[in-house]
Amino acid sequence: VKHTDPGKFQEKLRHLRELMDKADIISLQEVHGSQEDMAETFKHCPGWLAFCSPCSSPGAGGVAVLVHRRLLQHAHGLLHRVLLPGRALQLLLHLPAASLNLLCIHVEPAATRAQQCDTLRRSLATSNPSIHTTVLMADLNMCMPGDTRTHVNNKQEEEHDDALGHWFAQSLPSFVIAEH
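Novice: Give a detailed account of the sheet that holds strand β4 (residues 77-84), specifying residues and quantitative values.
Specialist: Pairing between the strands of a sheet comes from backbone hydrogen bonds, and it takes one of two forms, parallel or antiparallel. Overall, mixed pairing links the four strands, which are arranged β4-β5-β6-β7 in an open sheet. On the outer flanks of this sheet lie β4 and β7 (133-139), each paired with one strand and no other. Across the sheet, the axes of successive neighbouring strands diverge by a mean angle of 15°, strand direction being ignored. In this sheet, strand β5 (residues 88-94) lies alongside β4 in antiparallel orientation, the contact comprising seven bridges. Note that in β5 the partner of Arg 81 across the bridge is Gln 90. Its contacts with the sheet place helix α4 (residues 113-124) against β4, β5 and β6 (99-106), and it is angled at close to 165° to β6.

Novice: I'd like a rundown of the pattern of salt bridges, residues and numbers included.
Specialist: For the structure shown, the criterion picks out six salt bridges. A salt bridge links Glu 11 to Arg 14; the shortest N-O distance between them is 2.5 Å. Taken together, the residues span about one helical turn, with Glu 11 and Arg 14 both in helix α1 (residues 6-20) at a distance of three residues. Arg 70 is the salt-bridge partner of Asp 24, the closest N and O atoms lying 2.8 Å from each other. Taken as a pair, Asp 24 in the loop between α1 and β1 (25-29) and Arg 70 in helix α3 (residues 69-72) lie far apart in primary sequence, 46 residues in all. A residue is classified by how much of its surface remains accessible, and Arg 70, at 41% relative accessible area, is partly exposed. Among the ionic contacts, a cluster of salt bridges with common partners joins Glu 11, Arg 14 and Glu 18.

Parameters at a glance
- The residue numbers shown here count from 1 along each chain, following its written sequence.
- Local features are withheld for residues below a pLDDT of 70 in this predicted model, meaning they are given only at 70 or higher, and side-chain atom pairs are given and counted only at 80 or more; totals for whole chains, interfaces and linings count all residues.
- For the side-chain quantities, the full set of heavy atoms in the structure was used; hydrogens and water were omitted.
- Following DSSP output, two strands are said to pair if at least two bridges run between them.
- Helix numbering and strand numbering both begin at the N terminus, where a helix is a DSSP run of H or I of at least 4 residues and a strand a DSSP run of E of at least 2.
- Convention adopted: a line fitted to C-alpha atoms gives each axis, helices being fitted over their contacting stretch, and angles between N-to-C directions are expressed from 0 to 180 degrees.
- By definition in these notes, contact holds between two residues if any of their heavy atoms fall within 4.5 Å.
- One side-chain nitrogen of Lys or Arg within 4 Å of one carboxyl oxygen of Asp or Glu is enough to make a salt bridge.
- Only protein chains enter the accessibility calculation, which uses a 1.4 Å probe; a residue is then buried when its area is under 20% of its type maximum, exposed when over 50%, and partly exposed in between.

Have a look at this one:
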């Protein structure tokens with residue numbers, strides 16, 4: 001969010017405005033900064049309401065969901081909950097045609113596999129398919145089985161075996177991944 005380099009801050013805002021031209025809901029991970037930093041930054045987003053959760057360390061993590069007010073004017077209910085500070089938040093939006101359970105998650109890459117799985121389990125426990133549609137918007141820091149990654153040093157694509165990706169595929173077989 002807040003950046004010591006004003007040029008980089010302006011570039012990030014420009015990119016955010018490009019997203020704002022195309023969407024009614026925007027999910028951001030690794031926004032970094034305090035609650036005050038986030039509030040100050042999102043003042044640059046007129047017409048949008050920001051739901052944020054910073055990490056205890058302003059230089060790490062942080063998640064936010066921005067919702068355009070034109071969508072919110074149709075809502076007949078809204079619940080915002082921080083599920084894990086700076087790592088997971090829920091926004092339950094009740095609209096006339098449907099209820100959306102929006103989950104914004106940033107899995108801590110340095111956490112143990114058990115902690116990463118717990119973050120996902122706790123967040124996904126908010127889902128109730130008979131009542132609402134859950135949309136997971138996340139930086140999971142994982143590869144799904146069979147995915148490849150480009151190695152940083154040699155620029156070669158290689159298959160990546162990721163324990164969290166295997167857990168995700170086995171634990172959530174009916175989960176549809178639109179893009180990863």
